[in-house]
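So the chains spell out like this:
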Amino acid sequence: MAFPIRHLIGILADNQRLRGSVMPLGTGRLTAWAKGLSLPRGGSRVIYTGHMYQMMPSLASMEAGLGLMADTPVTRLMGWGRFFNRFVNLSFFLTWPSGRQQAQYDLRLKKIAQSLRQAGIQFGYLYEKELYTGALVYDLGLDEVFKKHAQRVWAMFQKHGVRSVITVDPHTTEMLREVYPKVVPGFQLEVKSYLEVLAESGWTPPQALTEAVTLHDSCIYARTLQVSAQPRAVLAKGPLVDSPDHAGAATHCCGGPAESLYPHKAETVAAERINQLAARGCDTVAVLCPICLHNLEKAGRARGIRVKDFSEIIG
Amino acid sequence: MTRVNAELLKTVEASGEFNAVACMNCGTCTALCPLGLTNLPREIFRDVVLGLEEKVLANVETVFSCLLCRMCQVNCPAEVKIADNVRTLRVHLNKTLHHL
């Protein structure tokens, strides 16, 4: 039975339009990572999470459910699911994110913020005012929904006097640096990934890092945003960075972008990528994107490869 | 019998950037695709240019499974903006087929 992607895309579009995100989460969940950091509220330069790290445990839970449903008669009910989702946020009831996973993703964001602080970078945070960029609806070709949301995001930055943002993942960085200037009239914002900010500052991890890692480049960072030398510069005085054959602009996709609609295809691509990375002989792979992290982590388990976020390597 | 929709290319172009005419069918994209897609982009782009709408509609899964990783796009000798074209096709299919 074919997977009814029309209804699934429709649910994601409805969530974005009605609730401001493809995976609506409470503000407590979205801002939990910042507890104890005493980050200043707002400011002209802020760290902008774009909610990607916070959403991953819920998306993983949703994808696991969809993976079980993919070839069953239950898929016939997805049209009804979309109908009811307009009135009640079904993702609240149908996703069961693991508390352990949530804590791990929160810790990764915390480590990014701590590394920036160690590098002497001053920045604030918008806390509950921060919005998702709409990256997934843009990729799915839901342009009308995306453009309206992008206007709201720009209004948020303007309202809070933000002129410069430090992003934490490639998808958010691409949206703000490459896409928003084309679709939002007057959009003007300095957008830098934390990898770029750390590399420019000359910061390197203070503790001795001896564990060898293989770096998996993100497609968007390496091919669209030309961010591949920066993480290597940050690690220059640390562990051996053992790049795989398909590195930098020639990096091989992790399969993650297919995860929400075609989980089986995503698994196949991830398994191939893990094989490439494992062939370098390292037991640890460092990734620069929460989607790569989620997708390669699953594939890595089968090969005995540990997949870590870059923030965990340096922090 | 194959039906031709002479307006298909114009309709797709109305949804966004679509520069598939430059494709010279060299196969670099097919060779590099991590998903091993064989009919995207070359065949589907050609179907759009020729107005073969039924063939395009029969390949919805292929269009939506593309990873948009841009491995093909950055290596295309004809500088076809392949990933951007695929996204434009998604916009078109969402409007005409999914009614979104």
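Quick notes on the rules
Residues numbered from 1 in each chain as written. Chains lettered and ligands numbered in written order. Predicted model: local features only at pLDDT ≥ 70, side-chain atom pairs only at ≥ 80, totals over all residues. Heavy atoms only, no water. Axes fitted to C-alpha atoms, helices over the stretch in contact; angles between N-to-C directions. Helix = DSSP H or I, 4+ residues; strand = E, 2+ residues; numbered from the N terminus. Parallel < 35°, antiparallel > 145°, perpendicular 65-115°, else oblique. Left-handed = near helix turned anticlockwise from the far one by under 90°. Contact = heavy atoms within 4.5 Å. Nonpolar A, V, L, I, M, F, W, Y, C, P; charged D, E, K, R; others polar. Buried < 20%, exposed > 50% of the residue type's maximum accessible area, 1.4 Å probe, protein only. Polar contact = N/O pair within 3.5 Å; in protein donor to acceptor, adjacent residues only side chain to side chain. Pairing = 2+ DSSP bridges. Right-handed = clockwise from strand over helix to strand, strands pointing away. Buried area = accessible area lost by both parts, 1.4 Å probe. Salt bridge = Lys/Arg side-chain N within 4 Å of Asp/Glu carboxyl O. 1 Å grid on protein atoms, 1.4 Å probe; cavity = no way out; pocket = protein on both sides within 12 Å on 5 of 7 lines; lining within 4 Å. Points joined across faces, edges and corners; volume = space filled by probe spheres on them. Domains from an automatic or database assignment. Phe/Tyr/Trp six-rings, centres within 6.5 Å; stacked < 30°, edge-to-face > 60°. Core = buried A, V, L, I, M, F, W, Y, C linked by side-chain atoms within 4.5 Å.

Chemist: Pulling in residues and values, what's your account of the packing of helix H3 (residues 42-50) of chain B against helix H7 (residues 82-96) of chain B?
Modeler: Packed helices, taken two at a time, are described by their axes: the angle between them and the distance between them. Residues and elements named next belong to chain B. At a minimum axis separation of 11 Å, H3 and H7 run at an interaxial angle of 60°. Classed by the angle they form, the pair H3 and H7 counts as oblique. The interaxial crossing formed by H3 with H7 has left-handed handedness. Side by side, H3 and H7 meet where Ile44, Phe45 and Val48 of the first sit next to Ile82, Asn85, Val86 and Leu89 of the second. Looking at the contact of H3 with H7, its residues break down into 6 nonpolar, 1 polar and no charged.

Chemist: Explain the side chain of A:His216 residue by residue, including any values.
Modeler: All names here are of chain A. You can see His216 is positioned in strand E5 (residues 214-216). On the basis of relative accessibility, which here comes to 1%, the residue His216 falls in the buried class. At a separation of 2.8 Å, a polar atom in the side chain of His216 contacts the side chain of Arg273. If sequence neighbours within four positions are ignored, His216 has contacts with Thr251, His252, Cys254, Arg273, Leu277, Val285, Ala286, Val287, Leu288, Cys292 and Leu296.

Chemist: Run through the pairing of strand E6 (residues 284-287) of chain A, naming residues and quoting values.
Modeler: All names here are of chain A. Alternating residues of E6 divide into Thr284 and Ala286 and Val285 and Val287, and every residue in both groups is buried. Examined bridge by bridge, E5 and E6 share 3 bridges and lie parallel to one another. Paired with His216 across the strands is Val287, a residue of E6. Where the polypeptide runs from E6 across helix H14 (residues 290-303) and back to strand E7 (residues 306-309), its parallel neighbour, the crossover connection is right-handed.

Chemist: Quick one: what's the story with the interface of chain B and chain A, residue by residue and with numbers?
Modeler: The figure often quoted for interface size is the accessible area lost as the parts come together. Counting residues at the interface gives 21 residues for chain B, matched by 28 residues for chain A. Carbon and sulfur atoms supply 63% of the area that chain B and chain A bury against each other, a total of about 2,100 Å² over both sides. Among the residues of chain B in contact with chain A, B:Leu67, B:Arg87 and B:Leu100 are the three that bury the most area, contributing 27% of the side total. The partner of A:Glu174 in a salt bridge is B:Arg70, and the shortest N-O contact between them spans 3.8 Å. In this assembly, chain B and chain A are joined by 7 residue pairs in polar contact (both at pLDDT 80 or more). Looking at the side of chain B that touches chain A, the elements that each hand over two or more residues are helix H5 (60-65), helix H6 (71-75) and H7 of chain B. Counting residues per element, the side of chain B that touches chain A draws most heavily on H7(B), which supplies 5 residues. Looking at side-chain class alone, the side of chain B that touches chain A contains 12 nonpolar, 4 polar and 5 charged residues.

Chemist: So what's going on with empty space enclosed by the protein? Which residues, and what values?
Modeler: The gaps left among the atoms become clear once a water-sized probe is rolled over them. Following the criterion strictly, the structure yields 4 cavities of 30 Å³ or more and no others. Approximately 340 Å³ is the volume found for the largest cavity. If you go around the largest cavity, you meet 26 residues; those closest to its centre are A:Leu136, A:Gly256, A:Pro257, A:Ser260 and A:Ile291. Elements represented by at least two residues in the lining of the largest cavity include exactly helix H3 (52-69), helix H7 (135-139) and H14 of chain A. Here the lining of the largest cavity gets 5 residues from one element, more than from any other, and that element is H3(A). Residues of the lining of the largest cavity, tallied by class, amount to 17 nonpolar, 5 polar and 4 charged. Shared between two domains, the lining of the largest cavity takes at least three residues from each, and those domains are domain 1 (5-197) and domain 2 (204-314) of chain A. Approximately 230 Å³ is the volume found for the second largest cavity. As for the second largest cavity, its lining consists of 22 residues, of which A:His171, A:Ile220, A:Pro257, B:Leu67 and B:Leu68 are closest to the centre.

Chemist: Account for the domain arrangement of chain A, naming residues and giving values.
Modeler: Residue and element names in this part refer to chain A. Taken as a whole, chain A is organised into domain 1 (5-197) and domain 2 (204-314). Averaged C-alpha coordinates put domain 1 and domain 2 at centres separated by 21 Å. Listed per partner, the contact involves 32 residues of domain 1 and 28 residues of domain 2. Counting the surface domain 1 buries against domain 2, the share from its top three residues, Arg108, Pro170 and Leu195, is 24%. The tally of links from domain 1 across to domain 2 stands at 2 salt bridges. A salt bridge links Arg108 to Glu297; the nearest nitrogen and oxygen atoms lie 3.8 Å apart. If you look at where domain 1 meets domain 2, you find 4 residue pairs in polar contact (both at pLDDT 80 or more).

Chemist: I'd like to hear about the packing of aromatic side chains, residue by residue, with values.
Modeler: Residue and element names in this part refer to chain A. Under the criterion given, the structure shown has 13 aromatic pairs over all chains. Measuring from centroid to centroid gives 5.8 Å for Phe146 and Tyr180, while their planes differ by 80°, and the two rings are edge-to-face. Taken together, the residues Phe146 in helix H8 (residues 143-159) and Tyr180 in helix H9 (residues 170-183) connect sequence positions 34 residues apart. Neither residue differs from the other here; Phe146 and Tyr180 are each classed as buried. Here the aromatic cluster, defined as three or more aromatic residues joined through ring pairs, consists of Tyr138, Phe146, Trp154, Tyr180 and Phe187.

Chemist: Quick rundown of helix H10 (residues 194-201) of chain A? Include the residues and the values.
Modeler: All of the buried residues along H10(A) are A:Tyr194, A:Leu195, A:Glu196, A:Val197 and A:Leu198. In the segment just after H10(A), A:Gly202 is the residue with positive phi, at about 80°.

Chemist: Which residues make up the nonpolar core, and what are the values?
Modeler: General note: in soluble globular proteins, nonpolar side chains tend to be found buried as a group. Residues A:Ile47, A:Leu116, A:Phe157 and A:Tyr194 are the most contacted members of the largest nonpolar core, which totals 127 residues. Setting aside residues no more than four positions away along its own chain, A:Ile47 makes contact with A:Trp33, A:Leu39, A:Ile112, A:Ala113, A:Leu116, A:Phe123, A:Gly124, A:Tyr125, A:Glu130, A:Ile166 and A:Val168.

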